[in-house]
Amino acid sequence: MPTKKAHSPARVTGSQVAALARVDAAVVSKILKEDSTLRISPETRRRVIDAIEELGYRPNFAAQRLRSSRKIGSVGLIIPNFSNPAYGEIVHGAEIASLKQKVALFVSSTSEFSTPLELIIDLVASERVDALLIAGGSTKETAEINEYLTNRHFSFLFLNRQTVGIRRSLFLDDEYAINLVVKHLVSLGHTNIYNLAGKKTMETGKRRQQAFKDAILEAGLPFRPDLVVEEDYSALGGQRGFAEIIKRKPKPTALVISEFVAAVGALNAARKANIKVPDELSIVVFNNLEFASLLNPTLTTVGLQLQHLGEEGFNLLIDTPYDQEIYQNVSKSAELFPRESSKAIRK
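## Things to note about the sheet that holds strand E9 (residues 282-286)
The strand order E7-E6-E8-E9-E10-E12 describes an open sheet built from six strands, whose pairing is mixed. Only two strands of the sheet have a single partner each, and these edge strands are strand E7 (228-231) and strand E12 (335-337). Pairs of neighbouring strands in the sheet enclose a mean axial angle of 20°, with direction left out of account. Note: strand E6 (residues 193-198) against strand E8 (residues 254-257), four bridges, orientation parallel. Residue pairing for E8: Asn195 is matched across the bridge by Val256. Packing against the sheet, helix H8 (residues 174-187) makes contact with E6, E8, E9, strand E10 (300-303) and E12, and its axis sits at approximately 165° to E9.

This is the structure:
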């Protein structure tokens with residue numbers, strides 16, 4: 001049996017597979033489509049399958065859809081994982097739009113794949129979906145996905161990505177959200193404000209770090225790099241980041257946490273360190289998830305309209321031609337939800 005070889009999907013065609021298997025190209029196409037009318041011997045079928053495996057061939061079903069002018073009947077929504085409730089908000093919004101549009105929605109996580117692109121190649125090649133909504137991923141991964149899908153004329157839309165060079169994205173106004181948070185804390189008398197941020201390798205981490213710096217300077221406060229601690233968007237990351245921040249000098253009186261799950265970890269770390277929130281430290285968190293009002297203390301949050309992002313993104317994907325660029329803010333602005341975790345500093 002031939003040995004599988006690693007080849008770029010863009011370099012291999014059905015005609016090359018047909019030549020290697022010594023069959024007509026139409027035979028390759030019918031085998032891939034599982035055409036029941038095809039009549040060939042088991043030996044011929046085996047040769048074609050072996051050739052596909054050897055060449056690493058993945059058919060460009062997207063081009064076939066465009067040639068047939070077929071409308072979008074199913075959308076794949078790709079998220080990094082199912083454990084972060086923020087992605088649940090995006091999924092819910094997309095679900096609302098899918099029901100209104102009468103278009104099927106399939107949600108997949110990249111957590112079991114080595115890279116997001118690996119999942120996307122599989123979905124495009126297998127023709128399981130007609131278009132893709134893509135949330136999460138690093139700047140490098142976003143650029144790779146953008147190039148792959150653009151070259152294949154496949155309809156797609158990134159959610160909350162502003163990587164240089166991408167063609168289609170609907171994004172949140174993170175800068176405005178951070179500005180709301182910092183102004184809120186400054187109005188309460190805080191000047192020693194720190195940021196538990198996502199890593200700069202993540203696009204939202206990089207954007208929110210820059211937005212925090214800009215908001216601090218706009219408020220007339222001095223900015224120092226040590227006001228920012230980078231960590232994973234996870235509860236464990238929140239615990240680690242909090243442990244680092246409370247060592248910093250001058251002592252923080254307020255903390256902006258750039259992701260909700262990290263905030264849950266930070267709250268746990270605060271309890272273990274016997275730091276009272278908000279009496280000793282005010283905390284404000286990104287994403288106004290439902291259970292922010294169920295925690296103790298209840299969390300002051302800035303709502304980034306994640307559900308609206310999913311719903312509006314789905315509608316844009318369905319209603320906009322695949323070759324038309326989309327690069328815009330979600331139509332609904334962020335909102336501040338003051339709760340118990342932030343209060344005026346004691347004089």
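Having seen it, we continue.
## What to know about the side chain of Arg167
As for its placement among the helices and strands, Arg167 is situated in the loop between strand E4 (155-159) and strand E5 (168-171). Salt bridges are absent for the buried Arg167, whose nearest opposite-charge side chain, Glu325, sits at 4.6 Å. Non-local contacts of Arg167, meaning those with residues more than four positions away in its chain, are made with Asn146, Thr150, Phe156, Tyr322, Asp323, Gln324, Glu325 and Ile326.

## Details of the packing of helix H2 (residues 25-32) against helix H3 (residues 42-55)
It is the contact of H2 with H3, at a shortest axis distance of 11 Å, that shows an interaxial angle of 85°. Overall, the two elements H2 and H3 adopt an arrangement that is roughly perpendicular. Residues Val28, Ile31 and Leu32 of H2 pack against Arg45, Val48, Ile49 and Ile52 of H3. Of the residues assigned to the contact of H2 with H3, the class counts are six nonpolar, no polar and one charged.

## Details of the confidence of the model for the chain
When pLDDT is averaged along the chain, the result is 89; 92% of the residues meet or exceed 70. Here helix H4 (residues 61-67) stands out as the element of the chain with the lowest mean pLDDT, 49, in contrast to E8, whose mean of 98 is the highest. Of the regions scoring below 50 in pLDDT, residues 1-9 engages in 16 contacts with residues more than four places distant in sequence or in other chains. Low pLDDT, under 50, characterises residues 65-70; the predicted model gives this stretch nine contacts beyond four residues in sequence or across chains.

## A look at the side chain of Thr204
Assignment of secondary structure puts Thr204 in helix H9 (residues 203-218). Once you skip the residues sitting within four places of it in the chain, Thr204 turns out to touch Asn160, Arg161 and Tyr233.

## Description of the pattern of salt bridges
Once their charged atoms are close, side chains differing in charge can pair, the charge on each being opposite to the other. For the structure on display, the rule yields 13 salt bridges. As a salt-bridge pair, Glu311 and Lys100 come within 3.4 Å of each other at their nearest N and O atoms. Residue Glu311 is found in helix H12 (residues 306-319), and its partner Lys100 is found in helix H5 (residues 85-101); the two are separated by 211 residues along the sequence. Given the relative accessible area of 62%, Lys100 is considered exposed. One salt bridge connects Asp174 with Arg208, and the closest N-O pair in it is separated by 3.2 Å.

## What about the environment of Glu259?
Along the polypeptide, Glu259 turns up in the loop between E8 and helix H11 (260-272). Classification of Glu259 as buried rests on a relative accessible area of 3%. Sequence separation between Glu259 and Val284 is 25 residues; the distance between their C-alpha atoms is 10.0 Å. Sequence-distant contacts of Glu259, that is, excluding residues within four places in its chain, are made with Asn84, Tyr233, Ser234, Val285 and Phe286.

## Overview of the nonpolar core
In terms of nonpolar packing, the biggest core is built from 68 residues, with Leu133, Phe212, Leu255 and Ile257 touching the most fellow members. Sorting elements by how many residues they give to this core places H11 first, with seven residues. Not counting residues up to four positions away in its chain, the partners in contact with Leu255 are Tyr194, Asn195, Leu196, Phe242, Ile245, Leu281, Ser282, Ile283 and Val284. Ile78, Ile121, Leu123 and Phe158 belong to the second largest nonpolar core, which has 17 residues in total.

## Section: the sheet that holds strand E2 (residues 104-109)
As summarised here, the arrangement of the six strands in space is E2-E1-E3-E4-E5-E11, forming an open sheet in which the pairing is parallel. Both outer strands of the open sheet, E2 and strand E11 (326-329), are each paired with one neighbouring strand and no more. Looking at each pair of strands side by side, their axes are set apart by 20° on average, direction ignored. Sheet strands in contact with helix H6 (residues 116-126) are strand E1 (74-79), E2 and strand E3 (131-135), and its direction is about 165° off that of E3. The sheet contacts of H12 involve E1, E2, E3, E4, E5 and E11, and relative to E4 the element is tilted by about 160°.

What counts and what doesn't
- Residues numbered from 1 in each chain as written.
- Predicted model: local features only at pLDDT ≥ 70, side-chain atom pairs only at ≥ 80, totals over all residues.
- Heavy atoms only, no water.
- Pairing = 2+ DSSP bridges.
- Helix = DSSP H or I, 4+ residues; strand = E, 2+ residues; numbered from the N terminus.
- Axes fitted to C-alpha atoms, helices over the stretch in contact; angles between N-to-C directions.
- Contact = heavy atoms within 4.5 Å.
- Buried < 20%, exposed > 50% of the residue type's maximum accessible area, 1.4 Å probe, protein only.
- Lys, Arg positive; Asp, Glu negative; His and termini not counted.
- Salt bridge = Lys/Arg side-chain N within 4 Å of Asp/Glu carboxyl O.
- Parallel < 35°, antiparallel > 145°, perpendicular 65-115°, else oblique.
- Nonpolar A, V, L, I, M, F, W, Y, C, P; charged D, E, K, R; others polar.
- pLDDT = per-residue confidence, 0-100.
- Core = buried A, V, L, I, M, F, W, Y, C linked by side-chain atoms within 4.5 Å.

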